[in-house]
Amino acid sequence: MAGEKIQKLCEYIDRNKAKLYPIFNDMLKGETDYIKNAYFKMLAVILEQGEEIGDPQRNLFERQITGVSCDYSMADYIRQALEIEIEEYVNFTDQCRTLPIRYRFLLDALLFVSIGQLCQEQTKLVASFAESLKIRKEELRYLAQAAKAILEQDAIGCMELQENRVLSVPDDVMKEYISAMFIDPVWQNDSMTILYGGNSEDNSIEELNIIEEHATPNIMLMGIYIKPEQHPLVFSQYESVTFVDCVFEGGKKPIDFLNCGKVRIKSCLFRGFKTRTITCNQIEEMIFEDSKFEDCEYQYSRERDDWRALGGIIYSSKSDTIKKSSFSQCMFKNCGGRNVMNYYSSQFISNCRSELRDCLFDNCWNYCYKINIDPDNSMRTMFPEDSTAVKCKVVNSAKIC
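Our subject in this report is the structure included herewith. Residue numbers run consecutively from 1 along every chain, following the written order of its sequence. For a predicted model such as this one, the threshold for reporting local features is a pLDDT of at least 70, and the threshold for listing and counting side-chain atom pairs is 80 or more; totals across whole chains, interfaces and linings nevertheless cover every residue. Values reported for side chains reflect all heavy atoms of the structure, with hydrogen atoms and water molecules removed beforehand.

## Description of helix H11 (residues 155–163)
Of all the 9 residues making up H11, 7 are buried; the element is thus mostly covered by neighbouring parts of the structure. Throughout this description, a polar contact denotes any pair of N or O atoms lying within 3.5 Å of each other; where both atoms belong to protein, one of them has to be capable of donating a hydrogen while the other can accept it, and for residues adjacent in sequence the pair is counted only when both atoms sit in side chains. Helix and strand definitions follow DSSP, with helices as H or I runs of at least four residues and strands as E runs of at least two, each counted in order from the N terminus. Its side-chain oxygen at 2.8 Å from the backbone nitrogen of glycine 157, aspartate 154 defines the N-terminal cap of H11. The cut-offs for exposure are 20% and 50% of the maximum accessible area for each residue type, with area from a 1.4 Å probe on protein chains only; residues under the lower value are buried, those over the upper are exposed, and the others partly exposed.

## Structural notes on the packing of aromatic side chains
Any two of the Phe, Tyr and Trp rings considered here, Trp counted by its six-membered ring, make a pair once their centres fall within 6.5 Å; the pair's planes then place it as stacked at under 30 degrees, edge-to-face at over 60, or tilted in between. Evaluation of the coordinates by the stated rule reveals 25 aromatic pairs. Consider the rings of phenylalanine 61 and phenylalanine 112, whose centres lie 5.6 Å apart with planes at 90 degrees: the pair is edge-to-face. With a gap of 51 residues between them, phenylalanine 61 in helix H5 (residues 55–68) and phenylalanine 112 in helix H8 (residues 101–115) connect regions that are remote in the sequence. Its relative accessible area of 0% is what places phenylalanine 112 among the buried residues.

## Re the pattern of salt bridges
Salt bridges are identified by distance alone: a Lys or Arg side-chain nitrogen within 4 Å of an Asp or Glu carboxyl oxygen. Counting across every chain of the model gives 20 salt bridges. Linking glutamate 176 and arginine 104 is a salt bridge whose minimum nitrogen-to-oxygen distance equals 3.0 Å. Residue glutamate 176 is located in helix H12 (residues 175–181), and its partner arginine 104 is located in helix H8; the two are separated by 72 residues in the primary sequence. Taken individually, glutamate 176 and arginine 104 each receive the classification buried, so the pair is uniform in this respect. Salt-bridge contacts for glutamate 297 lead to arginine 338; the nearest nitrogen and oxygen are separated by 2.8 Å. Note that glutamate 297 is positioned in strand E11 (residues 297–300) and arginine 338 in strand E16 (residues 336–339), a separation of 41 residues in sequence. Classification of arginine 338 by relative accessible area gives partly exposed; the value is 23%. One salt-bridge network, in which partners are shared between bridges, spans Asp171, Arg264, Lys266 and Glu289.

## Thoughts on the packing of helix H4 (residues 33–48) against H8
To obtain each axis, a line is fitted to C-alpha atoms, and for helices this fit is confined to the stretch in contact; angles are then taken between N-to-C directions over 0 to 180 degrees. Closest axis-to-axis distance for the H4/H8 pair is 10 Å, and the angle between their directions is 30 degrees. The pairing of H4 with H8 is recorded here as roughly parallel in orientation. The hand of the H4/H8 crossing is right-handed. Taking contact as the criterion, the partners of Tyr39, Met42, Leu43, Ile46 and Leu47 in H4 are, on H8, Ile101, Arg104, Phe105, Asp108, Ala109, Phe112 and Val113. Oblique is the label for every angle not falling under 35 degrees (roughly parallel), over 145 degrees (roughly antiparallel), or within 65 to 115 degrees (roughly perpendicular). Should the near helix be turned anticlockwise from the far one by less than a right angle, the crossing is left-handed, and should it be turned clockwise, the crossing is right-handed. It only takes one pair of heavy atoms within 4.5 Å for two residues to be counted as in contact.

## Regarding the pairing of strand E3 (residues 218–226)
Taken across its 9 residues, E3 has 9 buried, putting it largely inside the fold. Looking at chain direction, E3 and strand E5 (residues 240–244) are connected through 5 bridges and run parallel. Residue leucine 221 lies in a different strand from E5, and its bridge partner there is phenylalanine 243. Alignment of E3 against strand E6 (residues 247–249), held across 2 bridges, turns out to be parallel. For tyrosine 225, the partnering residue across the bridge sits in E6 and is valine 247. Strand pairing requires that DSSP identify at least two bridges connecting the strands.

## Quick look at the state of the cysteines
Any pair of cysteine sulfurs within 2.5 Å is marked as a disulfide. In this structure the tally under the stated criterion is 0 disulfides. The cysteine cysteine 268 is free of any disulfide, with cysteine 246 supplying the nearest cysteine sulfur at 4.5 Å. Residue cysteine 280 stays outside any disulfide, its sulfur separated by 4.5 Å from that of cysteine 352, the closest cysteine. The exposure class of cysteine 280 is buried, given its relative accessible area of 2%.

## Observations concerning unusual backbone geometry
Within the chain, glutamine 282 stands out as a residue other than glycine whose phi angle is a positive 55 degrees. Relative to the assigned elements, glutamine 282 resides in strand E9 (residues 278–289). Judged by relative accessible area, glutamine 282 falls into the partly exposed class, the value being 43%. Unusually for a residue other than glycine, aspartate 358 sits at a positive phi of about 55 degrees. Topologically, aspartate 358 is positioned in the loop between strand E18 (355–357) and strand E19 (360–362). For aspartate 358, a relative accessible area of 33% translates into the label partly exposed.

Here it is in structure tokens:
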């Protein structure tokens, strides 16, 4: 009797693995119900083309379906796959050919092929999907490398692939697979340390200390929520520092970078800084992508030198040591500086020469005498005059450069 109950428990655990470990797919969630269901139906077609659907493939398929909250079960999709019509294949590939979701579909298909028994017909079918979806050879090679890193649970390998990705492939194509790898918050090898926080406000200060104690040439913070005032963030002498999907709540301490090679900030939010947000010196390359600065206002007192360069958000005391600074698809809202004295400032967002593209500035000013916007003047700029701005939008703000 006891053995029967244990067997039932094991069967229950097997049946519910997908609920415990769903693989989310934000790229697919935003699509129509037709594309969602066709996506899994086509994956089921690929599975059925193999010699036999193994347990690893079934488990992965169930986790994917659970992560998107689909209309049908795995059994339903497999049954539908056996009744596939040519027109359904044509409609799916036609609709997805220009959508980013086609890259995630190919990645999922490659994962299924890789964890099953090698089958030439199955591989040929995946290649046909790639051709119909207009996936180029270098894109397919990149997705195959990504599938290999995911199956090997190589989080650092995935990160390195992201850093050197084929630009036409969305940089979040592996996002949910990477998140699923991080049972432990800190990953390290000889070259890189990754701290993954899962966007929780409960990130441990001890974990940040671990990074400082085990220095590697490259460091990445992913999904971190932190207040620099509680734990000062100082990054010195790294080959690269990368922030991805992080939130930084400000106070009276900036984030400092000194003598680093490449600093990359992707999909991050900086909010409520009352001091400078970022200070930097001797940096080869600073790249800001798809990031937001909200209510970051450097509050200061200066009683001389009208129109001195301020750098209220990003500041360098030796701006010529910042070899490259670029912003792409970034937003600055309610940002700038506020001087309690009646003196004006220029370059009040950044005093580093920058290249800007597709950025938005909303209500960004420097204030003098606490409440007065600096007067209209050719010096009233957010960035140095030798900066460049392409396809940027300015709403109720000073000119960019």
